[in-house]
Amino acid sequence: MSGESVKVAVRVRPFNQRELDRQSKLVIKMDGQMTMIYNPEAPNDEPKKFSFDYSYWSHDGFIAKEEGITEPKPGSNYASQRIVFDNLGQGVLNNAFEGYNCSLFAYGQTGSGKSYSMVGYGANKGIVPITCDELFKTMGTNEDPNKRYEVMFSMLEIYNENVRDLLSKDNPKGGLNVRQNPKLGMFYVEGLKKVPVGSYAEIEKRMEQGTQQRTVASTNMNATSSRAHTVVTIIFDQIIKSENGETKKSSVMNLVDLAGSERADSTGATGDRLKEGANINKSLSALGNVISALADLSMGKKKIVVPYRDSVLTKLLQNALGGNSKTIMIAALSPADINYDETLSTLRYADRAKKIQNKAVINENPLDKLIRELKEENEKLKKAMEGGGIIQQEAGMSQEEFLRMRKQMEEEIRAQFVANQQLLADSEDTETWDQKLAKAQQETQELDSGGKSDAIRKQKEIHLINLNEDPMLSGVIVHFLKEGETTIGRKDAAPVPDICLSGLSIQKQHAIMRCKKGVVELEPTTGSGAKIKVNGVPVTGNKKLSHKDRLLFGSNHLYVFLNPKNQDSGDDLPPEITWEFAQKEIAQVKGFATTTGVGMTKDQQIAQEQVLEILPMVSEVNAVSEELNKQKSFEVVLISAAAQETTFGTLNNTSVMVKMKNLLNGNTWLWERGKFMNRRYLIQDLYQKFLDGEDVSKIPKENDPFWEPTEDVLIGSANVFLQSLSYSLDFDDKITITDYKGQEEGVVKVHVTPCQKDGTAFEEDAFVDDPHELLGKPYHFKVTVQNVEVYKARFSKGIQVKYRVYKDKKLTETPLIKNTLKPKVNHSKTFSFSKVKKEHLDFFESGCITFLVYGTQEDTTPDPKLMKYSTKELRLMEQGEGPGSATAANMARRNTHFALDHASDQSHLKTEVLLLQRKYERLAAKEKRMQDICKEWDSKPESEKQYEPFYRAVSAVAHSTGTRLKTRVHLLNQHEIRRSSIRKNSNIDDDLISLFVFGEDEDDLQTEADRNDGIVQYDRVKHHHHKDITLMRAHTFADTTTQFLQENAQAKNGHRNIRSAEGGRKDGSTACVLQ
């Protein structure tokens, strides 16, 4: 059929245990073909809606039968595996029998249920096995003697742009080549093993073989299975005899389980100088570009080039997307709120894919015609190679470019010639299909020789069983322990160990397991320095093992120890040990919190997910650093939201980062998670080249993923809260600089003060009682960084402070000051708001300025004493275990991985103290005024006491919030009075003071103040002036706070202090001389 759209289905899985523990919220709903997703951050918003060919609800509404098969409850819309197959798989099957090429691929983030839909789990078989089973069942019903079937099976994996044949133990370095057929334009994998199969059971065994190959490779080569694409191809031929000869109807069925679709912005390597060299998401990015281009073509856009050549995956899927194929895409969705962004991305991806138009045709040709065409094509290819007229040198093309292009074309033609010759040989082969099938079945039988017996042995014998992050790859590898000693190590050891492992940090003689009467002890081989962990704890000596213990050999080989003879585990363990459980355990031992619960925020949940994901990767990269002797160490660090600088109103989340440290000179770099994951893939690639025998020590440093140019390092940050500005108060204090762990790294002296537009200070007290008085008025304030003190000597090469105010796009930077740990910065900058709005008050009330203190790093010559140590020894010294190791105090500090949020609590508290003091002044004045009214009433003769005026006066004060007015007084220090008796001129200062006025005359006094530049004659307000209440003027904030605390302490001893505008202390109540 021409112009048929790609069919698209989406399927939502149940909550997993982790999501249930966290009481995750459901964000997906389905209604018929429609799928809706709700934003958990905006629950009242309308959901985003998408329509697909099928929307499968597999979240709940099911029951599990005794054999484990899940089926819908009565009245439920639950989509079981069988329902999904009937809609999708049966269509693939029907199309295959009609002679169409078919493709089915599953897309979605890691853990969303792709593999469950494709392959299944346990008794719940997925689309691939059911399709294969039904294929052979349908073939078995054939009664036409003139029709016969031939089925070939292949299985490959694409990882980091390399193709590996999963049915072959011998894969060439760099993987199999992907070639293009010059005639058809289609791509194929050169040398891929295609196995004849005669039953579903044989396919099942071959899939188990492929899965085991994936498991071994992912462990030995440190390949992350969630980043690999798996392609199962079934070539289904129907040979039909007729009077005119034989006709072959051929169908190629591609069943593709794509890698996890984590979005580029969550794992992207933005800013990494080597990001172009990594192939982490290259295939999926290319697939997205192909789908977008095809969708544009289907919408009528012209001059669109479909970039099939951009990746291995898109080359191999060229037929499936926009070509000769009937294609189905199933997108797997996570139901949990924590995965909202990823799930929405998957839905949008699927929505684009449904617009693609394919042009499928029946592949039916007479066999003799196919053979004739192959021979003719081979003759042309042969002449092209012999004649050398493959390409002509064009103008502007260098000789080197011409030769390189010619060589490439020759290789392509030669490969196609060989492939055609193989097809001709197969078609003219005297060996019948039945003979080929019998040979393949013999090989399959040999593969299965240990399968059934292993299942019986597991029930009786002590054994190790593997764990893998991909549940499909867990439990695939089994090692049985014999009575006596079982040795573990590399296969190049002499003698060869009983259990051979390979990969990172595996020693030739790694460990010995001693089994005696059902009791097993594990011990690292003496002197090997072997890395072994049991239940997350490093093992250095003899360790007795218990049932269900988790064993980690080297960096990647994770096993569960199972002892059927003694099943007492002694711990409160889950029924089934998973990869995630074992990784959480390792993380806990390293000091990371892994508990799940209701109290965790979404930010904390995401951070925990990322920590558990990245920890094994960091261990792996450290192991590569040791093996290649790169003198670098890596550790996971958490940067809390409070320790990150951002514009006001932007919410920060906890950042999971990786710190790389140069063990020779102490220089450090902080890598974002995405950058680290990018580098990790490059490091894997480098390590693979090392294993392949290349000399990786001579690569240019610019291409070395372990090398990074020196950059300024963030020493720490200091937060200054701005609540004082909303009351027009200064802030002046030394603020502690804390690093991401919450450790003190130094102090910075900062002064933040309201000012005039030109930056000059106000001449008088600008204190406001209510921040809302500032609304609509211009506001200016000055930020001054006076000096910095940093404690660590390594930062003396240069220190600089950067900060951002409100929503400034650029950071304000102070000059870089070198060769001192105590730079005098003396930097000032005035900031202005032309008209204060509510958001500015919010900024003052809840915002802060984060001062980032940076230190300059240089590539200094390392200490010669350190050069003699290996990377492994240097890391042990860092951890306090090697020669010249760190002190226990440093160790305690190093093991603190969590940033603390209390970095600037002191400055916040000081603001609160000053504001409370201002409130205290007002309430004290109010109380005094009420006491004065009562005393006046009490001193009057009985005949003059009028209750109503008295009650009115008291009520007016009681219900008044007070009006702050200014008046002028002379304040004389007693010491100055004594000096004035000696000197003729008395040192008298005019000073403005603020008084709180309460009562019936507030409005009249305010009117008078407005007429006289805000000042009231003292005679008019002297009855509101209480000399025993401290007179304050807003000067430096920190000093005011200290003064307030000191005066409160002295007040308890009967002393009161009054201060002038300059802050000088005036002793005693006689210090006020009134004007």
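The shown structure was predicted, so the numbers you read here are calculated from the model rather than taken from an experiment. (Residues numbered from 1 in each chain as written. Predicted model: local features only at pLDDT ≥ 70, side-chain atom pairs only at ≥ 80, totals over all residues. Heavy atoms only, no water.)

## Points about the overall build of the protein
Here comes step 1: What the protein contains, in helices and strands, is 26 helices and 48 strands.
Here comes step 2: Counting contacts in the protein only where the partners sit at least 6 residues apart, residues at least 24 apart contribute 69% of the total.
Here comes step 3: With the model as given, the accessible surface of the protein reaches about 52,200 Å², and the carbon-plus-sulfur share is 49%. (Helix = DSSP H or I, 4+ residues; strand = E, 2+ residues; numbered from the N terminus. Contact = heavy atoms within 4.5 Å. Areas by Shrake-Rupley, 256 points an atom, 1.4 Å probe, with all protein chains shown as cover.)

## Side note on the packing of aromatic side chains
Here comes step 1: Throughout the structure, instances matching the rule amount to 26 aromatic pairs.
Here comes step 2: For the pair F97 and F236, a centre-to-centre distance of 4.8 Å together with 70 degrees between the ring planes defines the contact as edge-to-face. Of this pair, F97 sits in helix α2 (residues 81-98) while F236 is found in strand β17 (residues 229-242), placing the two residues 139 residues apart along the sequence.
Here comes step 3: For F236, a relative accessible area of 0% gives the class buried.
Here comes step 4: An aromatic cluster is defined as three or more aromatic residues linked by ring pairs; in this entry it consists of Y779, F781, Y803, Y806, F831, F833, F843, F844 and F851.
Here comes step 5: Across the ring face of F52, the terminal group of K354 is positioned such that the distance to the ring centre comes to 5.4 Å.
Here comes step 6: Above the face of the Y854 ring, K802 is positioned so that its terminal group lies 4.6 Å from the ring centre. (Phe/Tyr/Trp six-rings, centres within 6.5 Å; stacked < 30°, edge-to-face > 60°. Buried < 20%, exposed > 50% of the residue type's maximum accessible area, 1.4 Å probe, protein only. Lys NZ or Arg CZ within 6 Å of the ring centre and 35° of its normal.)

## Details of the pattern of salt bridges
Here comes step 1: One pass over the full model with this rule turns up 41 salt bridges.
Here comes step 2: The partner of E443 in a salt bridge is K193, with the nearest N and O atoms 2.7 Å apart. Here K193 lies in the loop between β15 (187-189) and β16 (195-196) and E443 lies in helix α12 (residues 433-447), a separation of 250 residues in the sequence.
Here comes step 3: Given a relative accessible area of 29%, K193 falls into the partly exposed group.
Here comes step 4: In this structure, E1008 engages R1020 in a salt bridge whose closest nitrogen and oxygen atoms are separated by 2.8 Å. On the criterion of sequence distance, the pair formed by E1008 in helix α24 (residues 1002-1011) and R1020 in helix α25 (residues 1018-1021) is long-range, its members being twelve residues apart.
Here comes step 5: Judged by its relative accessible area of 10%, E1008 falls in the buried class.
Here comes step 6: Relative accessible area serves as the criterion here: at 38%, R1020 is assigned to the partly exposed category. (Salt bridge = Lys/Arg side-chain N within 4 Å of Asp/Glu carboxyl O.)

## A closer look at helix α19 (residues 871-878)
Here comes step 1: Along α19, the positions that sit buried rather than exposed are T871, L874, R875 and M877. Here the buried residues of α19 occupy an arc of 155 degrees about the axis, which is enough to place them on one side.
Here comes step 2: Close packing links the buried residues of α19 with α15 (602-627), β33 (632-639) and α18 (864-867). (Arc of directions from axis to C-beta.)

## A few points about the packing of helix α7 (residues 282-298) against helix α9 (residues 340-353)
Here comes step 1: Taken N-terminus to C-terminus, the directions of α7 and α9 make an angle of 45 degrees; their axes are 8 Å apart at the nearest point. Taken together, the axes of α7 and α9 are oblique relative to one another. Within the contact between the two elements, α7 uses L284, L287, G288, I291, S292 and A295 and α9 uses Y349, R352 and A353.
Here comes step 2: Grouping the amino acids of the contact of α7 with α9 by side-chain chemistry returns six nonpolar, two polar and one charged. (Axes fitted to C-alpha atoms, helices over the stretch in contact; angles between N-to-C directions. Parallel < 35°, antiparallel > 145°, perpendicular 65-115°, else oblique. Nonpolar A, V, L, I, M, F, W, Y, C, P; charged D, E, K, R; others polar.)

## Description of the sheet that holds strand β5 (residues 48-51)
Here comes step 1: Spatially, the three strands line up as an open sheet ordered β3-β4-β5, and their pairing is antiparallel. Only two strands of the sheet have a single neighbouring strand rather than two, namely β3 (28-31) and β5. Averaged over all pairs of adjacent strands, the angle between strand axes in this sheet comes to 20 degrees, irrespective of strand direction.
Here comes step 2: Note that strand β4 (residues 34-37) and β5 share four bridges and pair antiparallel. Across the sheet, residue T35 finds its bridge partner in β5, namely F50.
Here comes step 3: Strands β3, β4 and β5 of the sheet are contacted by α9, whose axis makes an angle of about 35 degrees with β5. (Pairing = 2+ DSSP bridges.)

## Section: the packing of α15 against helix α16 (residues 673-691)
Here comes step 1: Where α15 contacts α16, the two axes come as close as 10 Å, and the packing angle between them is 35 degrees. Handedness of the crossing formed by α15 with α16: left-handed. Each of Q610, E613, I614, M617, V618, E620, V621, V624 and E627 in α15 lies in contact with α16, whose residues at this interface are R673, F676, M677, R680, I683, Q684, Y687 and F690.
Here comes step 2: Residue composition of the contact of α15 with α16, grouped by class: ten nonpolar, two polar and five charged. (Left-handed = near helix turned anticlockwise from the far one by under 90°.)

## A short note on the nonpolar core
Here comes step 1: Counting residues in each nonpolar core, the largest one holds 49 residues, and the members touching the most others are L287 and M329.
Here comes step 2: Excluding residues that lie within four positions of it along the chain, M329 makes contacts with V6, K7, V8, A9, F105, Y107, Y349, A350 and A353.
Here comes step 3: One finds F97, M118, V128 and A440 within the second-largest nonpolar core, a separate group that totals 40 residues. (Core = buried A, V, L, I, M, F, W, Y, C linked by side-chain atoms within 4.5 Å.)

## A few points about the sheet that holds strand β25 (residues 499-500)
Here comes step 1: An order of β25-β24-β26-β27-β30 is seen for the five strands of this open sheet, with the pairing classed as mixed. The sheet terminates laterally at β25 and β30 (543-544), the two strands that pair on one side only.
Here comes step 2: For strand β24 (residues 484-489) and strand β26 (residues 509-516), the ladder comprises six bridges, and the chain directions are antiparallel. Within the sheet, the bridge partner assigned to G484 lies in β26 and is C515.

## A closer look at the side chain of N358
Here comes step 1: With respect to the helices, strands and loops of the structure, N358 is situated in strand β20 (residues 357-358).
Here comes step 2: With relative accessibility at 2%, the residue N358 sits in the buried group.
Here comes step 3: A polar contact of 3.0 Å, which involves the side chain of N358, links it to the side chain of T327. (Polar contact = N/O pair within 3.5 Å; in protein donor to acceptor, adjacent residues only side chain to side chain.)

## Notes on the environment of L437
Here comes step 1: Note that L437 resides in helix α12.
Here comes step 2: With a relative accessible area of 13%, L437 lands in the buried category.
Here comes step 3: For the pair L437 and V197, spaced 240 residues apart in sequence, the C-alpha to C-alpha distance is 6.3 Å.
Here comes step 4: In this view, L437 contacts P196, V197, G198 and E202; residues no more than four positions away in its chain are not counted.

## Examining the environment of W669
Here comes step 1: As for its placement among the helices and strands, W669 is situated in strand β35 (residues 668-672).
Here comes step 2: By relative accessible area, W669 is classed as buried at 3%.
Here comes step 3: In sequence terms W669 and T710 are 41 residues apart; their C-alpha atoms lie 8.2 Å from each other.
Here comes step 4: Beyond its immediate stretch of four places on either side in the chain, W669 contacts V658, K659, M660, N662, E708, P709, T710 and E711.
Here comes step 5: Within the structure, the side chain of W669 is placed 3.0 Å from the backbone oxygen of P709, a separation counted as a polar contact.

## Details of helix α14 (residues 579-589)
Here comes step 1: Those residues of α14 that fall on the buried side of the exposure criterion are A582, Q583, K584, E585, I586 and A587.
Here comes step 2: The elements touched by buried residues of α14 are β28 (532-534), β31 (549-553), β32 (557-562) and α15.
Here comes step 3: With its phi angle positive at about 105 degrees, G591 sits one or two positions after the end of α14.

## Considering the pairing of β24
Here comes step 1: Sheet analysis places β24 next to β25, joined by two bridges and oriented parallel. Bridge pairing in β25 places G489 opposite C500.

## Quick word on the pairing of strand β13 (residues 162-165)
A regular strand places its side chains on the two faces of the sheet in alternate fashion.
Here comes step 1: Direction of pairing for strand β12 (residues 147-159) relative to β13: antiparallel, over a ladder of four bridges. Across the sheet, I158 pairs through a bridge with V163, a residue of β13.
Here comes step 2: Turn length for the β12-β13 hairpin, with the two strands adjacent in sequence and antiparallel, is two residues, and the turn residue N160 shows positive phi of about 55 degrees.

## Remarks on unusual backbone geometry
Here comes step 1: That bond from A494 to P495 is cis: its omega, 0 degrees, falls within 30 degrees of zero.
Here comes step 2: Checked against the element boundaries, P495 lands in the loop between β24 and β25.
Here comes step 3: Despite not being glycine, K517 shows a phi value in the positive range, around 50 degrees.
Here comes step 4: Checked against the element boundaries, K517 lands in the loop between β26 and β27 (519-524).
Here comes step 5: Of note, the phi angle at N629 is positive, near 55 degrees, even though the residue is not glycine.
Here comes step 6: The topology assignment puts N629 in the loop between α15 and β33.

## Some thoughts on the confidence of the model for the protein
Here comes step 1: Across the protein, pLDDT averages 80, with 79% of residues at or above 70.
Here comes step 2: Below a pLDDT of 50 lies the segment residues 971-989, which in the model reaches 23 contacts outside its immediate sequence neighbourhood of four places, other chains included. (pLDDT = per-residue confidence, 0-100.)

## A few points about the environment of G529
Here comes step 1: By secondary structure assignment, the location of G529 is in the loop between β27 and β28.
Here comes step 2: By relative accessible area, which is 44% here, G529 ends up partly exposed.
Here comes step 3: For the pair G529 and H510, spaced 19 residues apart in the sequence, the C-alpha separation amounts to 8.2 Å.

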